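An overview of the molecular structure
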Amino acid sequence: MKILAPQQIRDLDQYTIQHEPISSIDLMERAAQHVASELMEKFYNKRFCIFVGTGNNGGDGLAVARVLDDFAYTVKVILVKTSVKLSADASINLDRLLKTNPTCLSTVKKIGEVDFGQIKKDAIIVDALFGSGLSRPLEGLYKSVVDAINELPNKVVSIDIPSGLFAEYDKNSAQGNSIIRAHTTLSFQMPKLSFFMPESGCHVGQWHVLDIGLARNFIREQPCSHYVVSKKQIKKLRKKRPLHSHKGNYGHALLIAGSYGKMGASIIASKACLRSGVGLLTAHVPHWGYGIIQSAVPEAMTSIDRSDMFFTEFPDLNTFSAIGIGPGLNKKRNTVLAFETMLDNMNSQALVIDADGLNILSENKHLLGKVPENAILTPHPKEFERLVGVWNNDMDKLSRLKKFCQQYQVFTVLKGAYTVTCTPNGTCYFNTTGNPGMATAGSGDALTGIITGLLAQNYSPEEAAVVGVYLHGKAGDLALKKESTESMTALDIISCLGAAFKKIG
Ligand SMILES: NC(=O)C1=CN([C@@H]2O[C@H](COP(=O)(O)OP(=O)(O)OC[C@H]3O[C@@H](n4cnc5c(N)ncnc54)[C@H](OP(=O)(O)O)[C@@H]3O)[C@@H](O)[C@H]2O)[C@H](O)CC1
Ligand SMILES: [K+]
C-alpha cells in the first residue's frame with residue numbers, strides 16, 4: 001500500500017470528486033459513514049463526545065455525530081472555533097446536525113467554556129479538530145483543548161490523524177508541540193508517514209485504514225517512495241515449491257557468526273536460516289565452537305576457523321549462493337582483516353551484514369566502499385547511528401537512510417517497531433508485523449538467518465529483505481500467543497516460523 005504525501009492526498013481527494021464523479025459533501029458523508037460504523041462496532045452502546053474543528057476534519061466529526069445520533073447513540077459535540085469561518089462542507093454538516101439534534105452541540109471560543117468535568121469517564125472522545133490540513137503547530141485555544149483532552153482518562157479516537165500531528169513533517173519532533181494522544185486512529189484510505197516514526201507514531205495508538213473509495217487509478221499512478229508491506233504482497237512473493245525438487249534447488253547458505261562466549265548467535269542464526277527453507281547450510285565457527293554448533297544444529301555443516309575463538313578466515317565462497325555475516329563475531333583485528341579480505345573476494349553471492357559486521361564497517365568506513373552492490377545491511381538504530389551519524393529527528397533519520405542506500409547502492413533494513421527496508425534507489429517499505437516481545441537477545445540474529453536463507457533460495461535482495469522482515473515479525477506475533485512480551489525468546493520466534501509461512505498462504 002502506498003503512503004502518499006499530504007499534497008498527493010489533497011489531489012487524490014479532488015481527482016475522486018471530479019472523476020467518480022461525487023460531490024465533496026457526499027464524499028465526506030461516505031467517509032463519515034465508515035467512521036461511524038467502525039465506532040459503533042468497536043464501542044457498542046458507548047456514549048461519544050466529539051471535538052470538532054472548522055475544517056473538513058471537523059466536517060467529518062459533525063457528520064459522524066449525526067449518524068451516531070440517528071442510531072440513538074448519546075452524542076455531545078463541542079465545536080472549537082476561533083474567529084475563523086467553517087469550511088463549506090463543515091458548514092453544511094453543521095446545519096444538518098442542528099436540524100436533527102440542536103441540543104447536542106456547544107460552541108466554545110475560550111478554553112474556560114469547555115466543561116471537561118461534564119464528560120463522563122466511560123465516554124469515547126472523538127477527535128475531529130484537525131486532519132491533513134494542519135499547517136502549523138497548535139496554539140492558543142486549540143493547544144489548550146488538546147492538552148486538556150490528553151489529561152482525561154477517556155479513550156480517544158482520532159479521525160484521519162491525531163490533531164496536531166503533521167502527516168509528514170519535521171515539526172512533529174518539535175519539543176512542546178501539543179498533539180492528541182489517540183488510543184485509536186481511523187485513517188482515510190492509507191496511513192500517513194508520521195505513523196511509522198517513533199517520535200510521532202506514539203500519538204497514533206492503534207491505527208486502522210478506512211477504504212473510502214478514493215480513486216484507485218490515481219493512487220496507482222502516483223510516484224511514491226513509501227509503502228506499507230501487506231500480506232497480499234508477501235503472498236505474491238513467496239516461492240512455491242514444485243513437487244519434483246531436492247535440497248540442491250534451495251541454495252547453500254554460509255553463516256559466519258559466533259565467537260568464544262557468543263556461540264548462541266551462530267546457533268540462533270543457523271536455526272532461523274534452516275527454518276526459512278534453505279537447502280544446505282554451512283556454519284563457519286571458531287575452532288572452539290565446533291562441538292557446540294554440531295550438537296545444537298545437527299542439520300548444519302560446519303566450516304572450522306583456525307582460530308580457537310574468533311573469525312579469522314573463510315571457506316571458498318564460490319560454493320555458496322548467499323552469505324550472512326556478523327552476529328556474535330567480535331571486532332578483533334584479525335576478524336576485521338578477514339572481513340575485508342572476504343569483501344574483496346566476493347563474486348556474485350548475495351550478502352547480509354549484521355551486528356559486529358556493521359560495527360566493523362562503522363569503525364572502518366573505508367570498508368563501506370567494498371561492500372558489494374545490493375548487499376543487505378540489517379542495523380538496529382544504534383548501529384545505524386554509528387554508520388551515518390546522529391540525526392536531528394525521525395524525518396532526518398529517514399533521509400539519511402535513503403542517502404546511505406543510494407550512496408553505497410545497498411539495501412538497509414532499519415529495525416524498529418515498524419522495521420523499514422530501504423532500497424538502493426531510496427524506496428522505503430514499512431513492515432507492520434511484530435511486537436515489543438521481539439526486543440530480545442538473539443532476535444536480530446534470527447532475522448539475519450531468515451534473510452540469508454531466503455537469499456540462498458534465490459529471492460532477490462529486495463524480496464528477501466521485505467519477506468524476511470515480514471516473516472520474522474509474523475512469527476513473533478504467533479509466538480506472543482503462547483508467550484508474553486516479557487517471556488518471549490529468539491528461539492520462540494524461530495519455532496513459529498513454520499506457522500508464519502502457513503499464515504502467508
Ligand atoms: N482525503 C479525503 O479525500 C477526504 C478527507 N476528508 C477530511 O478532510 C480533512 C482535511 O480537511 P482540511 O479542511 O483540508 O483540513 P483540516 O480539517 O485539518 O483543517 C484545515 C483548517 O484548519 C486551519 N489550520 C491549520 N492549522 C491550524 C492551526 N495550527 N491552528 C488553527 N487553524 C489551523 C487551516 O487554516 P490555514 O490557515 O492553514 O489555511 C484550515 O482552515 C482530512 O483530514 C479528512 O478528515 C473528507 O472529509 C473526506 C475525504
Ligand atoms: K483528527
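Within each chain, residue numbers correspond to sequence positions counted from 1 in written order. Chain letters start at A and ligand numbers start at 1, both assigned in the order the entries are written. Per-residue local features are limited, in this predicted model, to residues with pLDDT of at least 70; the limit for side-chain atom pairs, both in listing and counting, is 80 or more; totals at the level of whole chains, interfaces and linings are taken over all residues. Each side-chain value is worked out from all heavy atoms of the structure, with water and hydrogens disregarded.

This is how the line gets drawn: UniProt positions are given in the numbering used here, feature names are shortened, and annotations may be inferred rather than shown by experiment.
Under an unreviewed UniProt entry, the name given to the chain is Bifunctional NAD(P)H-hydrate repair enzyme, and the source organism is Saccharicrinis carchari. Per UniProt, the chain has the following entry under Subunit (unreviewed entry): "Homotetramer."

**Considerations on the site of ligand 1**
Basically, it comes down to this: Any residue with a heavy atom positioned within 4 Å of a molecule or strand is treated as near that molecule or strand. In protein, a polar contact requires one atom able to donate a hydrogen and another able to accept it; more generally it is a pair of N or O atoms within 3.5 Å, and residues adjacent in sequence count only if both atoms are side-chain atoms. Put simply, DSSP H or I for four residues or longer makes a helix, DSSP E for two residues or longer makes a strand, and each gets a number counted from the N terminus. Polar here means any residue outside two lists: the nonpolar Ala, Val, Leu, Ile, Met, Phe, Trp, Tyr, Cys and Pro, and the charged Asp, Glu, Lys and Arg; Gly therefore counts as polar.
Taken together, 23 residues sit near ligand 1, with Asp-60, Gly-131, Ser-135, Arg-136 and Asp-160 positioned nearest. Asn-56 has a polar backbone atom sitting 2.9 Å from an oxygen atom of ligand 1. For the shell around ligand 1, the secondary-structure elements that each account for two or more residues are helix 1 (6-19), helix 2 (24-42) and helix 3 (56-70). Along the lines of polarity and charge, the residues of the shell around ligand 1 split into 12 nonpolar, seven polar and four charged.

**Digging into the nonpolar core**
For clarity, the cut-off: We call a set of buried residues a nonpolar core when its members are Ala, Val, Leu, Ile, Met, Phe, Trp, Tyr or Cys and they connect through side-chain atoms within 4.5 Å of each other. Using a 1.4 Å probe on the protein chains alone, a residue whose accessible area is under 20% of its type maximum counts as buried, one over 50% counts as exposed, and one in between counts as partly exposed. When checking whether two residues touch, look at their non-hydrogen atoms; a contact exists if any pair is within 4.5 Å.
Counting 52 residues, the largest nonpolar core has Ile-376, Ile-451, Leu-455 and Leu-471 as its most contacted members. For this core, the element with the highest residue contribution is helix 16 (residues 461-482), accounting for 10 residues. Residue contacts for Leu-471: discarding those within four places in its chain leaves Leu-454, Leu-497, Ala-500, Phe-501 and Ile-504. With 51 residues, the next largest nonpolar core counts Ala-375, Val-388, Leu-398 and Val-410 among its residues.

**A short note on the environment of Val-77**
Tracing the backbone through its elements, the reader meets Val-77 in strand 2 (residues 75-80). Val-77 gets classed as buried once you look at its relative accessible area, which sits at 0%. If we skip the residues at most four places from it in the chain, Val-77 touches Ile-50, Val-52, Leu-62, Ala-65, Leu-97, Cys-104, Leu-105 and Ser-106.

**Observations regarding the coordination of the potassium ion (ligand 2)**
By definition of the ideal shapes, four donors in a tetrahedron about a metal sit 109.5 degrees apart, and six donors in an octahedron sit 90 or 180 degrees apart. To keep it simple, the criterion reads: The rule for donors is simple: an N, O or S atom within 2.8 Å of the metal counts, and for Na, K and Ca the reach is 3.2 Å. Water is not among the atoms, so a site may look short of donors.
Taken together, the protein ligands of the potassium ion (ligand 2) are Asn-57 (OD1), Asp-127 (O), Phe-130 (O), Ile-159 (O) and Ile-161 (O), with distances of 2.6 to 3.0 Å. Sequence positions of the donors to the potassium ion (ligand 2) reduce to the motif N-x69-D-x2-F-x28-I-x1-I. Linking Asp-127 in strand 4 (residues 124-128) with Ile-159 in strand 5 (residues 156-159), this pair joins segments that are 32 residues apart in sequence. Of the two residues, Asp-127 and Ile-159, neither departs from the other in class, the shared state being buried.

**A look at the UniProt feature "domain: YjeF N-terminal" (unreviewed entry) in the chain**
This chain's UniProt record puts "domain: YjeF N-terminal" (unreviewed entry) on residues 9-220. The straight-line gap between the two end C-alpha atoms of residues 9-220 is 13 Å; of that span, 37% is helix and 16% is strand.

**Thoughts on a positive patch on the surface**
To be explicit about the condition: Exposure above 30% relative accessible area and the absence of a salt bridge qualify a residue for a patch, where like charges join within 9 Å and nonpolar side chains (Val, Leu, Ile, Met, Phe, Trp, Tyr) within 5 Å. Note on areas: Shrake-Rupley, 1.4 Å probe, and residue coverage restricted to the protein chains presented here. Each reported salt bridge corresponds to a side-chain nitrogen of Lys or Arg within 4 Å of a carboxyl oxygen of Asp or Glu. Only four residue types enter the tally: Lys and Arg on the positive side, Asp and Glu on the negative side, with His and both chain ends excluded. For the purpose of locating charges, the reference atoms are NZ of Lys, CZ of Arg, CG of Asp and CD of Glu.
There is a patch of like positive charges on the surface, built from Lys-231, Lys-235, Lys-240, Lys-481 and Lys-503. Topologically, Lys-481 is positioned in helix 16. Given the relative accessible area of 66%, Lys-481 is considered exposed.

**Some remarks on the domain arrangement of the chain**
This is how it is decided: Domain segmentation is taken from an automatic or database assignment of domains. Reported buried area values correspond to the accessible surface (1.4 Å probe) lost by two parts on association, with both partners' losses combined.
Split into domains, the chain comes out as domain 1 (6-224) and domain 2 (231-504). For domain 1 and domain 2, the distance between their C-alpha centroids amounts to 41 Å. Listed per partner, the contact involves 12 residues of domain 1 and eight residues of domain 2. Buried area between domain 1 and domain 2, both sides added, is near 950 Å², and the carbon and sulfur share of it is 65%. Counting every contact that joins domain 1 to domain 2 gives zero salt bridges.

**What about the packing of helix 2 against helix 3?**
When two helices pack together, you describe them by how their axes are tilted relative to each other and by the distance separating the axes. Selection criterion: To define axes, lines are fitted to C-alpha atoms, for helices over the stretch in contact only, and angles between the resulting N-to-C directions are given on a 0 to 180 degree scale. Angle categories: roughly parallel below 35 degrees, roughly antiparallel above 145, roughly perpendicular from 65 to 115, and oblique for all the rest. Crossing handedness is defined as follows: a turn of the near helix away from the far one that is anticlockwise and smaller than a right angle gives a left-handed crossing, while the clockwise case is right-handed.
Remark: helix 2 packs on helix 3, axes separated minimally by 8 Å, with the N-to-C direction vectors making an angle of 55°. Taken together, the axes of helix 2 and helix 3 are oblique relative to one another. Between helix 2 and helix 3 the crossing geometry is right-handed. Facing Met-28, Glu-29, Ala-32, Gln-33, Val-35, Ala-36, Leu-39 and Met-40 of helix 2, the residues of helix 3 in contact are Asn-56, Gly-59, Asp-60, Ala-63, Val-64, Arg-66, Val-67 and Leu-68.

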